[in-house]
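# Chains, contacts and geometry: an overview
Okay, here's what each chain looks like letter by letter:
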Amino acid sequence: MPAVALPEPIEDTMANTAQARKRARQAAKANSHNSALRSKLRTAIKAVRKAIDSGDKEKAAEVFKASSKTLDIIADKKIVHKNKTARHKSRLAAAVKALSTAA
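All of these numbers come straight from a predicted model, not from anything done at the bench. Residue positions are given per chain, counting from 1 as you read along its sequence in written order. Residues qualify for local features only when their pLDDT is at least 70, as the model is predicted, and side-chain atom pairs are given and counted only at 80 or more; totals for whole chains, interfaces and linings, by contrast, use all residues. Values shown for side chains rest on all heavy atoms present in the structure; no hydrogens or waters enter the calculation.

## Some remarks on helix α2 (residues 18-54)
Going along the chain from the N terminus, every DSSP run of H or I of four or more residues is numbered as a helix, and every run of E of two or more is numbered as a strand. To estimate the expected span of a helix, count its residues, drop one, and scale the result by 1.5 Å. The first and last C-alpha atoms of α2 sit 54 Å apart over 37 residues, in line with the 54 Å expected at 1.5 Å per residue. Throughout this description, buried means an accessible area under 20% of the type-specific maximum (1.4 Å probe, protein chains only), exposed means over 50%, and partly exposed covers the range between. Residues Leu37, Leu41, Ala44, Ile45, Val48, Ala51 and Ile52 constitute the buried set of α2. Two residues qualify as a contact provided that any one of their heavy atoms is within 4.5 Å of a heavy atom in the partner residue. In this fold, the buried residues of α2 make contact with α3 (57-76) and α4 (82-98). A positive backbone phi angle near 90 degrees is found at Gly55, which sits one or two residues after α2.

The structure is reproduced here in structure tokens:
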């Protein structure tokens, strides 16, 4: 069976100038970094939700405080809009506050 030649990666064939190739490399690197930060944001939100579901108000408040910092850092870097971060923080804070201390 003859060997099948694989197509060249798209980023190599799209850019025609050195500047365009460099910008494509930079865009790919930035996309990878931003994707990691968005994942970190989602993980921070899930951690607070998990702590809330456990019913321990002190633990939930502690996790919320740590996650709030993460959310703010990501918003400052403009990975997500600051209003989206504010909305998530507000809803999580309300959920933590709604927990009873006895539960």
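## Examining the packing of α2 against α4
An axis is simply a line fitted to the C-alpha atoms; with a helix, the fit covers only the stretch in contact. Between two such axes, the angle follows the N-to-C directions and lies from 0 to 180 degrees. In contact at an axis separation of 10 Å, α2 and α4 are set at 15 degrees when each is read in the N-to-C sense. Looking at the two axes, α2 sits roughly parallel to α4. As for how α2 packs across α4, the hand of that crossing is left-handed. Mapping the contact onto sequence places Ile45, Val48, Arg49 and Ile52 in α2 and His88, Leu92, Ala95 and Val96 in α4. Should an angle lie under 35 degrees it is considered roughly parallel, over 145 roughly antiparallel, and from 65 to 115 roughly perpendicular; all remaining angles are considered oblique. Note on convention: near helix rotated counterclockwise from far helix by under a right angle means a left-handed crossing. Clockwise means right-handed.

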